[in-house]
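Residues per chain are reported as follows:
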Amino acid sequence: MAKRVYEGWKGSNKFILGGRLIFGPDARSLLVTLLLIIVPVVVFCVFVARHLLHEFSPHNAGYAILVVAIVFTIYVLILLFLTSARDPGIIPRNSHPPEEEIRYDSYSVEIGGRQTPGLQFPRTKEVMVNGIPVRVKYCDTCMLYRPPRCSHCSICNNCVERFDHHCPWVGQCIGLRNYRFFFMFVSSSTLLCIYVFSMSALYIKILMDDDHSTVWRAMKESPASVILMAYCFISLWFVGGLTGFHLYLIGTNQTTYENFRYRADNRINVYHRGCVNNFLEVFCTEVKPSRNNFRAFIQEEVPRYSVPRTPEAEDAGGGDPRSKVEDDLDIDEDLLKISQRRNIEEIDEDIRSRGSNGPPHNASEVENVMSSDIRAPTIRADTRHSSWGRRSGSWEISPDVLANSTVTESRGYAAPKEARQ
């Protein structure tokens, strides 16, 4: 049975619900993050907010403290889910390298006793961004040139658009499609910490006023408030500092990856559009749809054939190299289709440029082939011998085919030296 995309996924991601949700390979750390959020809020609701229900006028105004804590926590959890359970901007891999970038180097590689020209891809190339050239790199794993601001995550093993960083606390890469939700999650967690800290301190103040006691007695009466205040104070150093840092990144239109890697290079930030426009770009633009349909069925690709060709062969043959490969493949199917793609002058040129590896034929036979106006019907040979991978690109026709058939317009078969001279 055909597999779906998520079943044959080559990255390190984990999928649940039939590919509807995608997580990073360290998705288990998400459980720790959930406990760090839910447990303090439950403690707050049970040991602090419950005692504040009737402490404000009117009598039931204190319920708002409990409701705000619960609703705001649910909002933070939704943002966490949107950050960690969706495609962050993964660029689909190529199944083969980009052919338009292939180049033949001067060195040769010995394969099966033959010297074959070495193939290599340029490691970088330049693209224009806002009128300024930007160098992009080739990814050997995904077999593509990464778009600007894209990087390959070594943890998820994917190329991610506008890669910011891989966050272990959410178990997912942070990229183009989830950066907005990540920032909102971090900033909302900061506000939740401030809220819990403030309400816990308010409860200590109320205990001091009711009993006319000191702060130490009030703290002994409600140790949960003290623990929550200490926890929120420590958490604020983390989520609060992270919020401030990302506010700076958004205002300057940078990513965490770019800031840590290029801040010492004094590079020009070609993506900076002004502080206001940078914020609008992050929060007021439509989230791009995913490039991956994880629930789609994998479609089998037709195998690709390529014949390494030397620069000399390219100069002699001319034209598109892929056309030459297609011609050689069609030889094995139908000789007439090949013969109809070349006129008489091209036949003469091919015979001189390709050379011969087959058995010699007499000169009269060559003259008949070159001068005939008649096109033969489709000819299929029972036995054919082709010279795949030869540097000259020539092919051979077995003697029994030549004996039983009249080929009026063919190219590339062996001709005697006298005829070529």
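Refer to the structure above for everything that follows.
These lines cover the structure that appears in this document, whether it is placed above or below. Numbering of residues begins from 1 in every chain and follows the order in which that chain's sequence is written. It should be noted that, the model being predicted, local features are given only for residues of pLDDT at least 70 and side-chain atom pairs only at 80 or more, the latter also being counted only at that level, while totals for whole chains, interfaces and linings use all residues. Note that water and hydrogens are dropped before the side-chain values are worked out from all heavy atoms of the structure.

In terms of regular secondary structure, the chain is built from 14 helices and 11 strands. The buried label goes to any residue with under 20% of its type's maximum accessible area, the exposed label to any with over 50%, and the partly exposed label to all in between, with areas taken from a 1.4 Å probe on protein chains only. In the chain, buried positions account for 39% of the 421 residues. Contacts: residue pairs with any heavy atoms within 4.5 Å of one another. Intrachain contacts of the chain at a sequence separation of at least 6 include 64% that bridge at least 24 residues. Each accessible area is a Shrake-Rupley result for a 1.4 Å probe, and residues are judged covered by the shown protein chains and nothing else. Carbon together with sulfur atoms contributes 58% to the accessible area of the chain, which is approximately 24400 Å² in total. Labels follow the DSSP assignment, with helices taken as runs of H or I lasting at least four residues and strands as runs of E lasting at least two, numbered in each case from the N terminus.

Attention now goes to the pairing of strand β5 (residues 124–129). Bridge count between β5 and strand β6 (residues 132–139): 6 bridges; the pairing is antiparallel. Across the sheet, the residue bridging to E126 is R135, located in β6. Strands are labelled as partners when DSSP assigns at least two bridges between them.

For the rest of this paragraph, the subject is the layout of surface pockets. Each cavity reported here is a set of points on a 1 Å grid over the protein atoms alone in which a 1.4 Å probe fits but cannot get out, each pocket an open set with protein on both sides within 12 Å along at least five of seven lines, and each lining residue one with an atom within 4 Å of a point. Grid points are joined across faces, edges and corners, and a volume is the space filled by probe spheres set on the points. Each pocket or cavity is described by its volume, and for the largest pocket that value is around 850 Å³. Contributing to the lining of the largest pocket are 27 residues, with V134, E258, Y262, R267 and Y271 lying nearest its centre. Within the residue set of the lining of the largest pocket, elements represented by two or more residues are β6 and α6 (256–262). Here the lining of the largest pocket gets 6 residues from one element, more than from any other, and that element is β6. In the scheme used here, Gly and all other residues not listed as nonpolar or charged are polar, with Ala, Val, Leu, Ile, Met, Phe, Trp, Tyr, Cys and Pro taken as nonpolar and Asp, Glu, Lys and Arg as charged. In terms of residue class, the lining of the largest pocket is built from 13 nonpolar, 6 polar and 8 charged.

Salt bridges are defined as contacts in which a side-chain nitrogen from Lys or Arg sits within 4 Å of a carboxyl oxygen from Asp or Glu. One pass over the full model with this rule turns up 5 salt bridges. Salt-bridge contacts for R291 lead to E161; the nearest nitrogen and oxygen are separated by 3.1 Å. Of this pair, R291 sits in the loop between α7 (275–283) and α8 (311–317) while E161 sits in the loop between β9 (158–160) and β10 (165–167), placing them 130 residues apart in sequence. For K205, the salt bridge is made with D209, and the minimal N-O distance between the two is 2.8 Å. One end of the pair is K205 and the other is D209, both in helix α3 (residues 179–211) and 4 residues apart, which spans about a single turn. Under the relative-accessibility criterion, D209 is labelled partly exposed at 41%.

A few words now on the nonpolar core. Among the buried residues, those of types Ala, Val, Leu, Ile, Met, Phe, Trp, Tyr and Cys that are joined through side-chain atoms within 4.5 Å form a nonpolar core. F44 and F185 are the most contacted members of the largest nonpolar core, which totals 43 residues. Going through the elements one at a time, β2 (21–23), α1 (29–47), α2 (63–84), α3 and α5 (223–252) are the ones with two or more residues in this core. Looking at which element gives the most residues to this core, the answer is α3, with 14 residues. Residues in contact with F185, not counting those within four places in the same chain, are T33, I37, V76, L79, L80, T83 and V170.

Function cannot be read off these values alone, since they describe shape.
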